[in-house]
Amino acid sequence: RIVLFYTSSVPLQPSTQWDPFSEPYSKDKVNDALAALFGVFDPLQPGWYDRSYELERNQVFASTDFAPLVAALQAAQQTGKGIVATANLTTVSNAWWGIPAGWTASVTVAYLDRLRQWEQRLRPEMRELLVPHSEEDAGDLSKDVSHGPFRHFPHYATAGGEMNAERANVL
């Protein structure tokens, strides 16, 4: 069993905005490190764009398993309870990491994102800080708060100084 947790600065695009089966991947649709595990990369982003992450070395699952996993995450997103999906995935050979092909594991992915049911339970003063103000943006789970002390909640970069004690506590 493998469990992957993604606390990404990139919100998962809902199924109403992106169909992973028919539309190409781009790094603004879902975290690029998750996509890299399936050998899926943004065709408009050169591989050398950030040498601190050699994502092209990280493929461990078949590319054909990417869209079904993302669709399962999107389905979980629509429930408003949390973005968690589990799939049985078989490895592909990865010489860099020493992973052989043919090993099957139950892989659970948890993706940090806005949770509609949690937001509805917030006290009004917290909802004002953590949920986008316009009705349209509040209904679109890929939209974040655009201002205030919790701007971008919950999609904080874990590097670069965007995280502080208040933001960590609200997560």
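Quick look at the structure, then. Within any chain, residue numbers begin from 1 and follow the written order of that chain's sequence. Local features are withheld for residues below a pLDDT of 70 in this predicted model, meaning they are given only at 70 or higher, and side-chain atom pairs are given and counted only at 80 or more; totals for whole chains, interfaces and linings count all residues. With hydrogens and water set aside, each side-chain value is computed from the structure's full complement of heavy atoms.

## Regarding the overall build of the chain
Okay, step 1: When helices and strands are counted, the chain shows six helices and three strands.
Okay, step 2: A run of H or I in DSSP becomes a helix once it reaches four residues, and a run of E becomes a strand once it reaches two; helices and strands are each numbered from the N terminus. Taken from N to C terminus, the helices and strands of the chain fall in the order β-α-α-β-β-α-α-α-α.
Okay, step 3: Note that the radius of gyration is over C-alpha atoms, with the globule rule given as 2.2 Å times the number of residues to the power 0.38. Against the compact-globule benchmark of 16 Å for 171 residues, the chain has a radius of gyration of 17 Å, which places it among compact chains.
Okay, step 4: Oriented by its inertia axes, the alpha-carbon framework of the chain measures out at about 50 × 30 × 30 Å.
Okay, step 5: Out of the 171 residues in the chain, the part that is buried amounts to 39%. Think of it in three bands: residues with accessible area under 20% of the maximum for their type are buried, residues over 50% are exposed, and the middle band is partly exposed, with areas taken using a 1.4 Å probe on protein chains only.

## Topic: the environment of P14
Okay, step 1: The residue P14 is located in the loop between β1 (2-6) and α1 (32-36) in this model.
Okay, step 2: Judged by relative accessible area, which is 4%, P14 ranks as buried.
Okay, step 3: Taking the C-alpha atoms as reference points, P14 and F66, 52 residues apart in sequence, are found 15 Å from one another.
Okay, step 4: The residues contacting P14, other than those within four sequence positions of it, are Q74, Q77, Q78, D140 and S142. Should any heavy atoms of two residues lie within 4.5 Å, those residues are considered in contact.

## Here's the deal with the pattern of salt bridges
Side chains that carry opposite charge are capable of pairing whenever their charged atoms lie near each other.
Okay, step 1: Throughout this description, the term salt bridge denotes a Lys or Arg side-chain nitrogen within 4 Å of a carboxyl oxygen of Asp or Glu. Enumeration according to the criterion identifies two salt bridges in this entry.
Okay, step 2: When the shortest N-O distance is used, the salt bridge between E119 and R114 registers 2.6 Å. Each member of the pair, E119 as well as R114, is classed as buried.
Okay, step 3: Across the pair E125 and R123 runs a salt bridge, and its minimum N-O distance is 2.7 Å.
Okay, step 4: Judged by relative accessible area, which is 46%, E125 ranks as partly exposed.

## Focus on the nonpolar core
Okay, step 1: Core analysis: the largest hydrophobic core is formed by 24 residues, its most contacted members being V30, L34, F38, F66, L73 and Y111.
Okay, step 2: Within the residue set of this core, elements represented by two or more residues are α1, α2 (66-79), β2 (83-90) and β3 (104-111).
Okay, step 3: Beyond its immediate stretch of four places on either side in the chain, V30 contacts V10, P11, L12, W18, Y25, F66 and Y111.
Okay, step 4: Within the second largest apolar cluster, seven residues are counted, among which are L122, L130, Y156 and V170. For this analysis, a nonpolar core means a set of buried residues of the types Ala, Val, Leu, Ile, Met, Phe, Trp, Tyr and Cys, connected via side-chain atoms within 4.5 Å.

## What about α2?
Okay, step 1: Look at α2: 21 Å from first C-alpha to last across 14 residues, which is about the 20 Å you get at 1.5 Å a residue.
Okay, step 2: F66, A67, L69, V70, L73, Q74, A76 and Q77 are the residues of α2 that are buried.
Okay, step 3: Elements that come into contact with the buried residues of α2 comprise α1, β2 and β3. Every helix has an expected span of 1.5 Å times one less than the residues it contains.

These results come straight from atomic positions and should not be treated as a statement about function.
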